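Working through the structure, step by step
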Amino acid sequence: MFMNYKRSSALFAQAEKVIPGGVNSPVRAFKAVGGTPIFVKEAKGAYLYDEDGNKLIDYINSWGPMILGHAYEPVVNAVIEKAKKGTSFGMPTEIETEIAELAVSMVPNIDKIRFVNSGTEACMSAIRLARGYTGKDKIVKFAGCYHGHSDSFLIQAGSGAVTFGSPNSPGVTQGTAKDTLLAKYNDIESVKALLEANKGEIACIIIEPVAGNMGCIPPKDGFLQALRNLCDINNVLLIFDEVMTGFRLAKGGTQELFNLKADIVCFGKVIGGGLPVGAFAAREEIMNYLAPVGPVYQAGTLSGNPLAMAAGLAMLKTLNNDSELFNRLAEKTAYLHEGFTKVLNENNITHTINRVGSMISIHFAEEPVVDFETSAKGNNETFKKFFHGMLQEGIYIAPSAFETWFITDALSYEDLNTTIAAVKKVTSKF
Ligand code: KE4
């Protein structure tokens, strides 16, 4: 099946004249895989319809939010109804309390939640809160983890930052960078060494409890618990960046999945139902350090925007009421995993697959992918061929080896079989 990209190419050329790189977020630019970004016209359920009339099975789902499929009726209708009553007031509205109460009831160990407009804002605000609450300046992040594009995080960041081989971005001052310490994912000794060398100076450790920005990387057994223990011993706050995993891997996210306690949890993506929403949450004594109650300032004109809250509330209500959803998602992802393994082995393709719940990634690597270093050893030339081959088969996956696939409940088993068959066909030519 040859996919025609004529209109996407023309639209991209036009976009490049007025938008840097023709995109509003670098990872969309196909720089890591080459070729022209696909311009989408509309989407419904598990399918994208691009500007050239191609129908694609979507495994990015807006990088996570569309866990129930595109144009999910209850979300669309909620936004339409809300918009008729005004789109933004800069004043408190009841719906903000409604979604806050629901989120607090779904996620363990949080009493209060503050809504913002992106995952970046959520993580940026969370470390400011941690610094304000503890009175300490330094933070620990993990090489390859991505927490958005605020200065403190663009140090060996994952996702788009690593895709372009510039994990340390220009514009981040040495003054900022010095307060960000780097540990190695799944290596508790690297964390111990930092705590030892910076006694009494570290405010928090921020982690993707299941990494999704260097491909999908599960925490090794005991790693997160060991991290929790170290934070307790050293009076350091543990921040779970659940922008990707929150409301995706379980109703209560990874705190529920792993039965573990974070001090601050960050959200994005799913919580907004596809509209711009981020959030961060914690127990009351921490959250009350935030203005206007406490001294740590954080604000936003469109934070708690009624349309975004309506989309998020409709999304969370469905997730909260459908007790079988997360099992269905995990089963569909396990089915893909089994199918991929079978066909890739038949084609003698060197690979490894990582999977947690409805997050999965295929790495064309010889050894297990457990951190940024082993993820970066994946064969990117093979990945590029794989990406474009899958696209030609009508399957849209992330245009970077440093991303994860996001499974949506809208995918049918027929879609899954089509995807497995595409992997078999594409890699048979390798
Ligand atoms: P946003 O500011 O993009 O809403 O969220 C930042 C963020 C924070 N934490 C985690 C774990 C994340 O995955 C993200 C954003 N994820 C990327 C995809 N890997 C967003 C895609 C993009 O940059 O366009």
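Residues numbered from 1 in each chain as written. Predicted model: local features only at pLDDT ≥ 70, side-chain atom pairs only at ≥ 80, totals over all residues. Heavy atoms only, no water.

Here the focus is the nonpolar core. Side chains of a nonpolar character, in soluble globular proteins, are inclined to be buried together. Counting 111 residues, the largest nonpolar core has Y59, F142, L227, F247, L319 and F340 as its most contacted members. Counting residues per element, this core draws most heavily on helix α11 (residues 306-321), at 9 residues. The two domains that each donate at least three residues to this core are domain 1 (6-70 + 325-427) and domain 2 (73-321). When neighbours within four sequence positions are excluded, F142 is seen to be in contact with Q156, L182, A183, K184, Y185, V191, I205, I206, I207, F223 and L227. Counting 22 residues, the second-largest nonpolar core is a separate cluster that includes A122, A130, C266 and M287. (Core = buried A, V, L, I, M, F, W, Y, C linked by side-chain atoms within 4.5 Å. Buried < 20%, exposed > 50% of the residue type's maximum accessible area, 1.4 Å probe, protein only. Helix = DSSP H or I, 4+ residues; strand = E, 2+ residues; numbered from the N terminus. Domains from an automatic or database assignment. Contact = heavy atoms within 4.5 Å.)

A pair can form between side chains of opposite charge whenever their charged atoms are brought close. Per the stated rule, a full pass over the model turns up 23 salt bridges. With its nearest N and O atoms 3.3 Å apart, the salt bridge here joins R7 to E51. Taken together, the residues span a long stretch of sequence, with R7 in helix α1 (residues 6-16) and E51 in the loop between β2 (47-50) and β3 (55-58) at a distance of 44 residues. Residue E285 is joined to R283 by a salt bridge in which the shortest nitrogen-to-oxygen separation is 2.8 Å. Judged by relative accessible area, which is 26%, R283 ranks as partly exposed. Overlapping salt bridges bring together R228, D232, D263, R283 and E285 as one network. (Salt bridge = Lys/Arg side-chain N within 4 Å of Asp/Glu carboxyl O.)

All right, on to the site of the ligand then. Every one of the 17 residues lining the ligand counts as a neighbour, but S25, T120, N213, D241 and E403 are closest to it. A distance of 3.0 Å separates a nitrogen atom of the ligand from a polar side-chain atom of K269. Relative to its unbound accessible surface of 540 Å², the ligand loses 87% to contact with the protein. Among the residues forming the shell around the ligand, the class breakdown is 5 nonpolar, 8 polar and 4 charged. Taken domain by domain, the shell around the ligand gets at least three of its residues from each of domain 1 (6-70 + 325-427) and domain 2 (73-321). (Near = heavy atom within 4 Å. Polar contact = N/O pair within 3.5 Å; in protein donor to acceptor, adjacent residues only side chain to side chain. Areas by Shrake-Rupley, 256 points an atom, 1.4 Å probe, with all protein chains shown as cover. Nonpolar A, V, L, I, M, F, W, Y, C, P; charged D, E, K, R; others polar.)

On to the environment of N235. Relative to the helices and strands, N235 is located in the loop between α8 (223-234) and β8 (237-241). The spatial distance from the C-alpha of N235 to the C-alpha of C204 is 8.8 Å, given a sequence separation of 31 residues.

This part is about the domain arrangement of the chain. For the chain, the assigned domains read domain 1 (6-70 + 325-427) and domain 2 (73-321). Its C-alpha centre places domain 1 at a distance of 25 Å from the equivalent point of domain 2. For the pair domain 1 and domain 2, the summed buried area comes to about 2,800 Å², and 70% of that belongs to carbon and sulfur atoms. For domain 1, the biggest contributors to the area lost against domain 2 are F326, M359 and F372; these three give 23% of the whole. Remark: the boundary between domain 1 and domain 2 carries 3 salt bridges. At the level of secondary structure, the elements contributing two or more residues to the side of domain 1 that touches domain 2 comprise α12 (325-346), β11 (352-356), β12 (359-363) and α13 (372-376). (Buried area = accessible area lost by both parts, 1.4 Å probe.)

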